[in-house]
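Residue-level structural notes
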Amino acid sequence: MTTLRAHIFNILYLLWSAFMHIVCLPLLVAPAPAIHAAGKFWIAGSLWLLKVCVGLTMREVGSENLPAGPVLVAAKHQSAWETLYLSWRLNHPAFVLKKELLMIPVFGWFLARVGMIAIDRSGKASALKKMVADAKAIFAQGRPVVIFPEGTRVAPGARMPYQPGIAALYAQLGVPVVPVALNSGLFWGRQAFVKKAGVITIEYLPPIPPGLDRKSFMRELEARIETAAERLAKEP
């Protein structure tokens, strides 16, 4: 039954996504807020399909830790779910993502139009400098920035080194960092065809204030996220 429900969801999700991308093509010449509004509608429909077809829902913990105004969100990354949900949940967020995603036909065009922060992973110092400049421009618009510190999806219980991008943003932007833990990978694994029924928990942890030195910040960020993620992995 789980596999059948996953089949139904995957088919309907692809059809819904194709329909929305085609219908929204004219929005490529519209202002970014209009594109973001259409994106939220697409995501809302996708999450509804996930609930109805698979039986997968979610709950939030610690939403009071999301301050008003510009904020840097550093989230655990286990599946595609959090990219969808955080895009819907936050106020027109800009994600730090690899530039290759902008090359995907239609979908990548929309990503570029809404002002995502695309980085060249081979650019090293110059890429970090551009990322910081782009993030400052996003904050000037009153929008949050979302970054996945490990730089890729990581299975529950596994760890990858935290990348220098988050440290550069923290040092240069002078804003609080909200660590985010979750357990989405238990239900929607990386490159997994089958999505499982259950309740994804996403937890916003207390903000880390600006002003820490690089080592102290990275140690604190990783400790908060990984400790909470390990706890959430044991909940189901």
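Structural data are supplied above this passage.
A brief report on the enclosed structure follows. This one's a predicted model, so the numbers in the text were calculated from it and none came from an experiment.

1. Some remarks on the overall build of the chain
Assigned secondary structure in the chain consists of seven helices and seven strands. Secondary structure elements of the chain occur, N-terminal to C-terminal, as α-α-β-β-α-β-α-β-α-β-α-β-β-α. Expected size for 236 residues packed as a compact globule is a radius of gyration near 18 Å; at 18 Å, the chain falls within 12% of this value. Reported as C-alpha extents along the three principal axes, the dimensions of the chain are approximately 50 × 45 × 35 Å. Counting every position in the chain, which comprises 236 residues, the buried fraction comes to 47%. Taking as baseline every contact in the chain between residues at least 6 positions apart, the subset at least 24 positions apart corresponds to 75%. Put simply, the chain shows about 11,500 Å² of open surface, and 64% of that area lies on carbon and sulfur atoms. Where the 26 positive side-chain charges of the chain centre and where its 14 negative ones centre are 5 Å apart.

2. Points about the environment of W109
Here W109 is to be found in helix α4 (residues 107-113). It is 22 Å that separates the C-alpha atoms of W109 and S79, two residues lying 30 residues apart in sequence. Residues within four places of W109 in sequence aside, it is in contact with L28, L102 and I104.

3. A look at the pairing of strand β7 (residues 198-204)
Burial analysis of β7 places five of its seven residues in the buried class, the great majority of the element. Strand direction decides the pairing type here: strand β1 (residues 56-61) and β7, joined by six bridges, are parallel. When the bridges of β7 are listed, L56 appears paired with G198. Across three bridges, the pairing between strand β6 (residues 177-182) and β7 is antiparallel. By the bridge assignment for β7, A181 is matched with E203.

4. Description of the packing of helix α6 (residues 164-173) against helix α7 (residues 214-233)
Two numbers describe how α6 lies on α7: the axes approach to 10 Å, and their chain directions differ by 120°. What the angle tells us is that α6 and α7 run oblique. For the pair α6 and α7, the sense of crossing is right-handed. Along its contact with α6, which presents P164, I166, A167 and Y170, the element α7 presents R214, F217, M218 and L221.

5. Topic: the packing of aromatic side chains
What the rule picks out here adds up to 10 aromatic pairs. For the ring pair Y170 and F217, a centre distance of 3.8 Å and an interplane angle of 5° mean the geometry is stacked. Residue Y170 is found in helix α6, and its partner F217 is found in helix α7; the two are separated by 47 residues along the sequence.

6. Observations regarding the sheet that holds β6
In spatial order, the strands read β1-β7-β6-β2-β5-β3-β4; together these seven strands make up an open sheet with mixed pairing. One side of each edge strand has no neighbouring strand; the edge strands of this open sheet are β1 and β4 (117-119). Ignoring strand direction, the axes of neighbouring strands in this sheet form an average angle of 25°. As paired elements, strand β2 (residues 72-75) and strand β5 (residues 145-147) share three bridges and run parallel to each other. Note that in β5 the partner of A74 across the bridge is I147. Against the sheet, helix α3 (residues 81-89) touches β1, β2, β3 (94-98), β5, β6 and β7, its axis set at about 60° to β7.

7. Focus on the layout of surface pockets
Estimates place the volume of the second largest pocket at around 160 Å³. As for the second largest pocket, its lining consists of L47, W48, L50, K51, L56, T57, M58, W81, Y85 and W88. Element by element, the count of residues in the lining of the second largest pocket is highest for helix α2 (residues 32-54), at four residues. A breakdown of the residues in the lining of the second largest pocket according to their chemical character gives eight nonpolar, one polar and one charged.

Criteria and cut-off values
Residues numbered from 1 in each chain as written. Predicted model: local features only at pLDDT ≥ 70, side-chain atom pairs only at ≥ 80, totals over all residues. Heavy atoms only, no water. Helix = DSSP H or I, 4+ residues; strand = E, 2+ residues; numbered from the N terminus. Rg over C-alpha atoms; globule rule 2.2 N^0.38 Å. Buried < 20%, exposed > 50% of the residue type's maximum accessible area, 1.4 Å probe, protein only. Contact = heavy atoms within 4.5 Å. Areas by Shrake-Rupley, 256 points an atom, 1.4 Å probe, with all protein chains shown as cover. Lys, Arg positive; Asp, Glu negative; His and termini not counted. Charge placed at Lys NZ, Arg CZ, Asp CG, Glu CD. Pairing = 2+ DSSP bridges. Axes fitted to C-alpha atoms, helices over the stretch in contact; angles between N-to-C directions. Parallel < 35°, antiparallel > 145°, perpendicular 65-115°, else oblique. Left-handed = near helix turned anticlockwise from the far one by under 90°. Phe/Tyr/Trp six-rings, centres within 6.5 Å; stacked < 30°, edge-to-face > 60°. 1 Å grid on protein atoms, 1.4 Å probe; cavity = no way out; pocket = protein on both sides within 12 Å on 5 of 7 lines; lining within 4 Å. Points joined across faces, edges and corners; volume = space filled by probe spheres on them. Nonpolar A, V, L, I, M, F, W, Y, C, P; charged D, E, K, R; others polar.

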